[in-house]
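For reference, the chains in residue letters:
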Amino acid sequence: MELYKIENILEKYFQGETSIAEENELKDYFSSSNVAQHLEQYQPIFGYFSQVKEQKSTQELESLARTGEAIPLQTKKRNVAWLSIAASAVVLLGIGTYFYISENTTPIVAQSELGTYDNPEKALAETQKALALLSNNVNVGIESVQYIKEYEQSKNKIFKQ
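Residues numbered from 1 in each chain as written. Predicted model: local features only at pLDDT ≥ 70, side-chain atom pairs only at ≥ 80, totals over all residues. Heavy atoms only, no water.

Asks: Now, about the overall build of the chain: what can you tell me, with residues and values included?
Replies: Each helix and strand counted, the chain has 5 helices and 0 strands in total. In sequence order, the secondary structure elements of the chain are arranged as α-α-α-α-α. Across the 161 residues in the chain, those meeting the buried criterion constitute 9%. In the chain, of all internal contacts separated by at least 6 residues, the share reaching a separation of at least 24 is 33%. Carbon and sulfur atoms make up 58% of the accessible area of the chain, which amounts to about 14,300 Å² in all. (Helix = DSSP H or I, 4+ residues; strand = E, 2+ residues; numbered from the N terminus. Buried < 20%, exposed > 50% of the residue type's maximum accessible area, 1.4 Å probe, protein only. Contact = heavy atoms within 4.5 Å. Areas by Shrake-Rupley, 256 points an atom, 1.4 Å probe, with all protein chains shown as cover.)

Asks: Give me a nonpolar patch on the surface: which residues, what numbers.
Replies: Taken together, the side chains of Val-91, Ile-95, Tyr-98 and Phe-99 define a hydrophobic patch exposed on the protein surface, amounting to about 440 Å² of accessible area. Structurally, Val-91 can be placed in helix H4 (residues 75–104). On the basis of relative accessible area, Val-91 is assigned to the partly exposed category, the value being 49%. (Patch = residues over 30% accessible without salt bridge, like charges linked within 9 Å, V, L, I, M, F, W, Y side chains within 5 Å. Salt bridge = Lys/Arg side-chain N within 4 Å of Asp/Glu carboxyl O.)

Asks: Let's hear about the pattern of salt bridges: which residues, and what values?
Replies: Any two side chains of opposite charge can pair, on the condition that their charged atoms come close. Following the criterion strictly, the structure yields 4 salt bridges and no others. Residue Lys-129 pairs with Glu-126 through a salt bridge whose shortest N-O separation is 3.5 Å. With Lys-129 and Glu-126 both in helix H5 (residues 120–159) and 3 residues apart, this pair spans about one turn of that helix.

Asks: Got a sec to walk through the nonpolar core? Specific residues and values, please.
Replies: For soluble globular proteins, nonpolar side chains are generally found buried alongside one another. Counting residues in each nonpolar core, the largest one holds 10 residues, listed as Ile-6, Ile-9, Leu-10, Leu-26, Tyr-29, Phe-30, Val-35, Ala-36, Leu-39 and Phe-46. Within the residue set of this core, elements represented by two or more residues are helix H1 (2–14) and helix H2 (20–31). Residues in contact with Leu-10, not counting those within four places in the same chain, are Leu-26, Phe-30, Leu-39, Tyr-42 and Phe-46. (Core = buried A, V, L, I, M, F, W, Y, C linked by side-chain atoms within 4.5 Å.)

Asks: Go over the side chain of Glu-22, please, and point to the residues and values.
Replies: Tracing the sequence through the fold places Glu-22 in helix H2. Setting aside chain neighbours within four positions, we find Glu-22 in contact with Ile-9, Lys-12 and Glu-17.

Asks: Explain the packing of H1 against H2 residue by residue, including any values.
Replies: Where H1 contacts H2, the axes come no closer than 10 Å and their chain directions differ by 125°. When the axes of H1 and H2 are compared, the pair comes out oblique. The way H1 lies across H2 gives a crossing that is left-handed. Seen from H1, the contacting residues are Glu-2, Leu-3, Lys-5, Ile-6, Ile-9, Leu-10, Lys-12 and Tyr-13; seen from H2, they are Glu-22, Glu-23, Glu-25, Leu-26, Tyr-29 and Phe-30. Considered class by class, the residues forming the contact of H1 with H2 number 8 nonpolar, no polar and 6 charged. (Axes fitted to C-alpha atoms, helices over the stretch in contact; angles between N-to-C directions. Parallel < 35°, antiparallel > 145°, perpendicular 65-115°, else oblique. Left-handed = near helix turned anticlockwise from the far one by under 90°. Nonpolar A, V, L, I, M, F, W, Y, C, P; charged D, E, K, R; others polar.)

Asks: Residue-level account of the packing of aromatic side chains, with values.
Replies: This structure, assessed with the given rule, holds 2 aromatic pairs. A ring pair is formed by Tyr-98 and Phe-99, whose centres lie 5.5 Å apart and whose planes are at 65°; its orientation type is edge-to-face. Look at Tyr-98 and you get exposed, because its relative accessible area is 56%. (Phe/Tyr/Trp six-rings, centres within 6.5 Å; stacked < 30°, edge-to-face > 60°.)

Asks: Any chance you could break down H2 for me, citing the residues and the numbers?
Replies: What sets the pattern is the α-helix's 3.6 residues per turn: residues three or four places apart point alike. Look at H2: 16 Å from first C-alpha to last across 12 residues, which is about the 16 Å you get at 1.5 Å a residue. Taken residue by residue, H2 has Glu-22, Leu-26, Tyr-29 and Phe-30 as its buried positions. Buried residues of H2, seen end-on, are gathered within an arc of 90° and therefore sit on one face of the element. Turned more than 90 degrees from where H2 packs its buried face, Ile-20, Ala-21, Asp-28 and Ser-31 sit exposed. (Expected span 1.5 Å × (residues − 1). Arc of directions from axis to C-beta.)

Written as structure tokens, this is what we have:
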């Protein structure tokens, strides 16, 4: 009966359908000395897992015994914590540097550069100059629109919409 059960579990194992308890059962069976002859070919597979597990744990214990250290339990959490602290410091340093540089490079505009005049006649003349410049630039834009209207009319004649 046990042999039939082991064969079924082994079949499920190779199909990837076993549970952890069933895999442990296979490991226990193949690590024992009474393995059926036709299943001995699978013994190295399950024996390998237990050998590697024992070998790895003994190597770790030996290295810890040599150094006199305790078993580290939360090494990954410590590394993540330090990494997050370092990232926060870099972000804060970047923000502080940005505000420091932007504050120091803001030009201070003198009162004379603001375009205010004490003499009303001079202010009128400067305003007329500025409006004439604006008018010239707007007229150039209107001329471009005239070309677009001409293009639209030609297109409508050709395609007859």
